[in-house]
Amino acid sequence: MQPQVPIDVDETSGIWRTDELPMVYLPRHFLVNNHLAVEEALGRETYRAILRQATAKSAIEWCEAQVRGKGLDREATFRHYFQRLSQRGWGQFSIDMLDVAGSRGSISLRNSIFALEAGHRPGQRVCYMFEGFVTGALSFLLRHSAAKWGKIEAEEIHCACEGQHDHCRFDFSLAP
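Only a predicted model underlies this, so the values are computations on that prediction, with no experimental measurement involved.

Here four strands make up an open sheet; going across it, the order is β4-β5-β7-β6 and the pairing antiparallel. The open sheet terminates on both sides in strands that have one partner only, identified here as β4 (92-99) and β6 (152-158). Neighbour-to-neighbour, the strand axes of this sheet turn through a mean angle of 20°, independent of strand direction. Pairing analysis gives seven bridges linking β4 to strand β5 (residues 104-110), with the strands arranged antiparallel. By the bridge assignment, Gln92 is partnered in β5 with Arg110. Running at roughly 160° to β4, helix α3 (residues 74-87) makes contact with β4, β5 and β7 (168-174) of the sheet.

Below, the structure is given as structure tokens:
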């Protein structure tokens, strides 16, 4: 099977692009080892807060670029975002429930890069980086909806590495 995302390589600069955005191709262990080193240096909760903000911002920027480039509506862009994450090797995301009017939903993730690298770790949820991906994508989706704006919450409810489930699950909602 070949990649399902288009990869355009600039012959002069060597820059890789997918969906008109610059990309970097690197070994999974490189990304995860760097992630774990920063977590250890800062502490999980501090790092989690930093990641949530940074990855939410990145999700919004990606979604906005796709609206400009592809002309998709907001919900189609939200769905396309998780499809592209799946196609780029983060794991296989599925939107299990999306209630736009109720500003809430649930996403499953199979074969998460973090859970695969962590192995079996009872009582540990290691895929918290994706909480920001979810909050950013939902922020983008709701930005022009009739929903009353509030704080978006996303939480990893369970992780595949805990050993009780074969996937990770994230629930998300607009806080009252």
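That was the structure; now back to the text.
Note that Glu156 resides in strand β6. In this structure, Glu156 is buried with no salt-bridge partner, the nearest side chain bearing the opposite charge being Arg48 at 5.8 Å. A polar side-chain atom of Glu156 sits 3.3 Å from the main-chain amide nitrogen of Tyr128.

Helix length check: helix α1 (residues 28-42) (15 residues) gives 21 Å between terminal C-alpha atoms against 21 Å at 1.5 Å per residue, within 8%. Of the residues making up α1, those classed as buried are Val32, His35 and Glu39. Down the axis of α1, the smallest arc covering the buried residues is 60°, so these residues share one side. Those residues of α1 that are exposed and aimed more than 90 degrees away from the buried face are Glu40 and Ala41. Packed against the buried residues of α1 are α2 (44-70), α4 (113-118) and α5 (129-142). Immediately downstream of α1, the backbone of Gly43 shows phi near 95°, a positive value.

Moving on to the packing of α2 against α5. Running from N to C, α2 and α5 point in directions that differ by 40°, and their axes come no closer than 7 Å. By the angle class used here, α2 and α5 are oblique. Considering only the axes of α2 and α5, their crossing is right-handed. Here α2 contributes Arg48, Leu51, Arg52, Thr55, Ala56, Ala59, Ile60, Cys63, Glu64 and Val67 to the contact with α5, which in turn contributes Met129, Glu131, Gly132, Phe133, Thr135, Gly136, Ala137, Ser139 and Phe140. For the contact of α2 with α5, the residue count by class is ten nonpolar, five polar and four charged.

Criteria and cut-off values
Residues numbered from 1 in each chain as written. Predicted model: local features only at pLDDT ≥ 70, side-chain atom pairs only at ≥ 80, totals over all residues. Heavy atoms only, no water. Pairing = 2+ DSSP bridges. Helix = DSSP H or I, 4+ residues; strand = E, 2+ residues; numbered from the N terminus. Axes fitted to C-alpha atoms, helices over the stretch in contact; angles between N-to-C directions. Contact = heavy atoms within 4.5 Å. Buried < 20%, exposed > 50% of the residue type's maximum accessible area, 1.4 Å probe, protein only. Lys, Arg positive; Asp, Glu negative; His and termini not counted. Salt bridge = Lys/Arg side-chain N within 4 Å of Asp/Glu carboxyl O. Polar contact = N/O pair within 3.5 Å; in protein donor to acceptor, adjacent residues only side chain to side chain. Expected span 1.5 Å × (residues − 1). Arc of directions from axis to C-beta. Parallel < 35°, antiparallel > 145°, perpendicular 65-115°, else oblique. Left-handed = near helix turned anticlockwise from the far one by under 90°. Nonpolar A, V, L, I, M, F, W, Y, C, P; charged D, E, K, R; others polar.

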